[in-house]
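Chain by chain, the residues:
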Amino acid sequence: MRHLGAFLFLLGVLGALTDICEIPEVDIQLVEKLGQRLLPWMDRLSREHLNPSVYVGLRLSSVQDGTKEKLYLRSLKLDYQQCLLRSALSENDSDCQAKPSMGRLSLYLLALRANCEFIRGHKGDRLISQLKRFLEDEKRAIGHNHKGHPHTSYYQYGLGILALCVHQKRVHNNLVGKLLYAVEHDRLHQSHFSVDTAAMAGLAFTCLKRSNFNPDQRHRITMAIRTVQEKILKAQTPEGYFGNVYSTPLALQLLMTSPMSGAELGTACLKAKVALLASLQDGAFQNAVMISQLLPVLNHKTYVDLISPDCLAPRVMLEPATTTLPQIQDPETINVTLQVLSLLQPYRQAIPVLAGSSLEDVLKKAHMLGGFIYETQASLSGPYLTSVMGKEAGKREFWQLLQAPNTPLQQGIADYRPKDGEAIELRLVSW
């Protein structure tokens, strides 16, 4: 608890001294431990495991693994460029069974900038054109009257604009205007305020403003940045998180770029940093994507810094984590109640699993026991549910994970680890 006490002291002392969002230095050993959690991901070079976000997070951090980083970027280039370019020529390319989404392509472009590369040449132009086509499709889905919604989300829409911006590619006013309207009329979110989505929109606008793009919309862009920042500050919980623990790093990335000032901003950021430190000590941040969003914050960096990244900045070399073999003990079995109550034929069953099992393990065991079926789809943040008991989530629907009766889980099925006696509900909800 030594680090937590130090930050509580800083919260009291520095809160009175700073009126901008500054993050105090963090013990490098803590950062190294976070970085070490990404190392196993750097060894996963198959298409289903490649994740540009991991590379971006490391490059913007204060730690590195030079050899693995180079190999990882090379693997990203081979997979993303070749697959995307071939899929542009043939919709049925056998080597590109899963065409990368707008979000994956955007993150790949961020990864190139994290290595101080600009997208250039004929191949690069085709990648940029493909991302712009994605955005045009989303714009049409939103509609002229703005009453529609993107096929994906405004989070991916903002990420796409950010990716083009850091590569100094201008984005048409009509595309930017859709995101501006969504912020101005509170249409970024459907059911509840999403800190992640607001932060990504704010980062995209901040990049456009700093790059002096879209001058005709400059005033609206400035006001939109202020709007999302103010809403994120209002979303801070008593514990200090902006929304929840996993949306806080991206929120801090935006607030760190803020032209706003005032004691409220400085204190809010320091309070969030204390909360993050406490959560790290409690074992949070096991998911690679979440870690990759936090590492830049701990190095006082944001995605906006990819406008002009410092690829020569010194970074500490990571060493593989040393582990000691635990004493062999009889595995403890726990019971987790799994329930699906939103269907005509409800399901409720106690599932015995080993202590420490993930929710995904619980689902697999329930399927093995019979009477329960489900399907998942891979994403950059891990697998997510697409179908439960034969019922697929339709358009504007998703399978929500809850700790019964009504507490939404902050982690996905691969990361959340239920406790003995806990009841988990899978609920089909609309948004």
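Described below are features of the structure shown in this document. Not measured: the values here are computed from a predicted model.

**Considerations on the overall build of the protein**
So, step 1. The helix and strand tally for the protein stands at 14 helices and 10 strands.
So, step 2. Residue burial in the protein is summarised as follows: out of 431 residues, 51% are buried.
So, step 3. In the protein, of all internal contacts separated by at least 6 residues, the share reaching a separation of at least 24 is 70%.
So, step 4. Just so you have it, the protein exposes about 20,700 Å², and 51% of that area is on carbon and sulfur atoms.

**Some words on the sheet that holds strand β9 (residues 407–408)**
So, step 1. On the basis of which strands lie adjacent, the open sheet formed by five strands has the order β4-β3-β10-β8-β9 and mixed pairing. This sheet does not close on itself; its edge strands, each paired only once, are β4 (347–354) and β9.
So, step 2. Sitting on the sheet, helix α14 (residues 359–369) is in contact with β3 (333–340), β4, β8 (397–403) and β10 (423–430), with an inclination near 115° to β4.

**Examining the packing of helix α9 (residues 195–210) against helix α11 (residues 248–256)**
So, step 1. The geometry of α9 relative to α11 is characterised by a closest axis approach of 9 Å and an angle of 30° between their N-to-C directions. Here α9 is positioned roughly parallel relative to α11, judged by the angle of their axes. With respect to the hand of their crossing, α9 and α11 are arranged in left-handed fashion. Note on element contacts: α11 touches α9 through Leu250, Ala251, Gln253 and Leu254, opposite Val195, Asp196, Ala198, Ala199, Met200, Gly202, Leu203 and Thr206.
So, step 2. Per-class residue counts for the contact of α9 with α11 are eight nonpolar, three polar and one charged.

**Comments concerning the sheet that holds strand β5 (residues 374–377)**
So, step 1. The strand order across the open sheet formed by three strands is β5-β6-β7, and the pairing between neighbours is antiparallel. Here the strands that pair on one side only, and so sit at the sheet edges, are β5 and β7 (391–392).
So, step 2. Pairing between strand β6 (residues 384–388) and β7: two bridges, direction antiparallel. Counterpart to Ser387 in the pairing with β7 is Glu392.

**Here we look at the state of the cysteines**
So, step 1. In total, this model carries three disulfides according to the counting rule given.
So, step 2. Disulfide pairing is shown between Cys116 and Cys311; the S-S distance is 2.0 Å. Between Cys116 and Cys311, the S-S dihedral sits near 110°, and the bridge is therefore right-handed. Within this pair, whereas Cys116 is found in the loop between α5 (102–114) and α6 (121–142), its partner Cys311 is found in the loop between α13 (288–298) and β2 (316–317), the two being separated by 195 residues in sequence.

**Topic: the pairing of β8**
So, step 1. Here β8 pairs with β10 via seven bridges, running antiparallel. Among the inter-strand pairings, Gln400 is bridged to a residue of β10, identified as Arg427.
So, step 2. In the sheet, β8 pairs with β9 via two bridges, with the strands oriented antiparallel. Bridge pairing links Gln403 to Thr407 in β9.

**Focus on the packing of aromatic side chains**
So, step 1. One pass over the structure, following the stated rule, counts four aromatic pairs.
So, step 2. Put simply, the rings of Tyr347, Phe372 and Tyr374 pair up and form one aromatic cluster.
So, step 3. The lysine or arginine in question, Arg44, covers the ring of Trp41, its NZ or CZ lying 4.6 Å from the ring centre.
So, step 4. It is Arg113 that lies over the ring of Phe118; its NZ or CZ is 3.8 Å from the centre.

**A look at the side chain of Gln339**
So, step 1. With respect to the helices and strands, Gln339 occurs in strand β3.
So, step 2. Of note is the side chain of Gln339, whose polar atom sits 3.0 Å from the side chain of Arg348.
So, step 3. Aside from chain neighbours lying at most four places away, what touches Gln339 is Tyr347, Arg348, Ala404, Ile424, Glu425 and Leu426.

**A word on α9**
So, step 1. Its 16 residues place the ends of α9 22 Å apart at the C-alpha level, agreeing with the 22 Å of an ideal helix rising 1.5 Å per residue.
So, step 2. Among the 16 residues of α9, 13 are classified as buried, and the element is accordingly described as predominantly covered.
So, step 3. Once α9 ends, the next one or two residues include Asn212, with phi positive near 60°.

**Here's the deal with the side chain of Thr206**
So, step 1. The residue Thr206 is located in helix α9 in this model.
So, step 2. You can call Thr206 buried: its relative accessible area is 4%.
So, step 3. Within polar-contact distance, the side chain of Thr206 engages the backbone oxygen of Gly202 at 2.7 Å.
So, step 4. Apart from residues lying up to four places away in sequence, Thr206 is in contact with Ile225, Leu254, Thr257 and Val304.

**Observations regarding the environment of Trp431**
So, step 1. Mapped onto the elements, Trp431 comes out in the segment after β10.
So, step 2. Residues Trp431 and Lys395, 36 residues apart in the sequence, show an inter-C-alpha distance of 9.1 Å.

Calculation notes
- Residues numbered from 1 in each chain as written.
- Predicted model: local features only at pLDDT ≥ 70, side-chain atom pairs only at ≥ 80, totals over all residues.
- Heavy atoms only, no water.
- Helix = DSSP H or I, 4+ residues; strand = E, 2+ residues; numbered from the N terminus.
- Buried < 20%, exposed > 50% of the residue type's maximum accessible area, 1.4 Å probe, protein only.
- Contact = heavy atoms within 4.5 Å.
- Areas by Shrake-Rupley, 256 points an atom, 1.4 Å probe, with all protein chains shown as cover.
- Pairing = 2+ DSSP bridges.
- Axes fitted to C-alpha atoms, helices over the stretch in contact; angles between N-to-C directions.
- Parallel < 35°, antiparallel > 145°, perpendicular 65-115°, else oblique.
- Left-handed = near helix turned anticlockwise from the far one by under 90°.
- Nonpolar A, V, L, I, M, F, W, Y, C, P; charged D, E, K, R; others polar.
- Disulfide = S-S within 2.5 Å.
- Phe/Tyr/Trp six-rings, centres within 6.5 Å; stacked < 30°, edge-to-face > 60°.
- Lys NZ or Arg CZ within 6 Å of the ring centre and 35° of its normal.
- Polar contact = N/O pair within 3.5 Å; in protein donor to acceptor, adjacent residues only side chain to side chain.
- Expected span 1.5 Å × (residues − 1).

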